[in-house]
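Residue-level listing of the chains:
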Amino acid sequence: MGRKKQNKLNDIYHKISHYLVKKYDIICMENLDIKEMFKNKDISSSLQKIGLYKLVNMIKYKCKWYGKKLVQISRWFPSSKNCSKCGYYYKNLKDNQKEWICPSCKTKHDRDVNTAKKYS
Ligand SMILES: [Zn+2]
């Protein structure tokens, strides 16, 4: 990717993140839905090229700047892959897997309950 195109993407990211942070007091991010939030073809294809990581990061630090709250939730609850007890990230957790045992502290988790614990 050329430098010019890269700059243009950065610009788009800044615009999106600025817009979101200004507009909402609490941003609940469903990572996978950001693409759908922006029906604009240019933006969605740009997002696909670089991935959402960069944009999410911008939103994060802008939230800090403006004192806004950011809650990151994905449709597939990657947060439920984190042990609510010791924080272990269980990356092999399957999307259709309801229960898992933390390899680190041996706690048995129900993924929905585990997620709820983190956000309550
Ligand atoms: Zn654990």
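Residues numbered from 1 in each chain as written. Predicted model: local features only at pLDDT ≥ 70, side-chain atom pairs only at ≥ 80, totals over all residues. Heavy atoms only, no water.

1. Notes on a nonpolar patch on the surface
Taken together, the side chains of Tyr61, Trp65 and Tyr66 present a nonpolar region at the surface, about 340 Å² in accessible area. Tracing the chain through its elements places Trp65 in helix H4 (residues 53-66). Exposure remark for Trp65: the relative accessible area of 59% places this residue in the exposed category. (Patch = residues over 30% accessible without salt bridge, like charges linked within 9 Å, V, L, I, M, F, W, Y side chains within 5 Å. Areas by Shrake-Rupley, 256 points an atom, 1.4 Å probe, with all protein chains shown as cover. Salt bridge = Lys/Arg side-chain N within 4 Å of Asp/Glu carboxyl O. Helix = DSSP H or I, 4+ residues; strand = E, 2+ residues; numbered from the N terminus. Buried < 20%, exposed > 50% of the residue type's maximum accessible area, 1.4 Å probe, protein only.)

2. Quick word on helix H1 (residues 3-23)
Taking 1.5 Å per residue, 21 residues should reach 30 Å; H1 reaches 30 Å between its end C-alpha atoms and fits that length. Every buried residue of H1 is accounted for by Leu9, Asn10, Ile12, Tyr13, Ile16, Ser17, Leu20 and Val21. Projected down its long axis, H1 carries its buried residues within an arc of 160°, all on one side. Exposed side of H1, more than 90 degrees from the buried face: Lys4, Lys8 and Lys15 are the residues found there. (Expected span 1.5 Å × (residues − 1). Arc of directions from axis to C-beta.)

3. A word on the environment of Cys102
Inspection of the secondary structure assignment puts Cys102 in the loop between strand E3 (99-101) and strand E4 (108-110). With a relative accessible area of 0%, Cys102 lands in the buried category. Residues Cys102 and Lys81, 21 residues apart in the sequence, show an inter-C-alpha distance of 9.2 Å. Ignoring sequence-local partners within four residues, the contact set of Cys102 consists of Cys83, Cys86, Tyr88, Thr107 and His109. (Contact = heavy atoms within 4.5 Å.)

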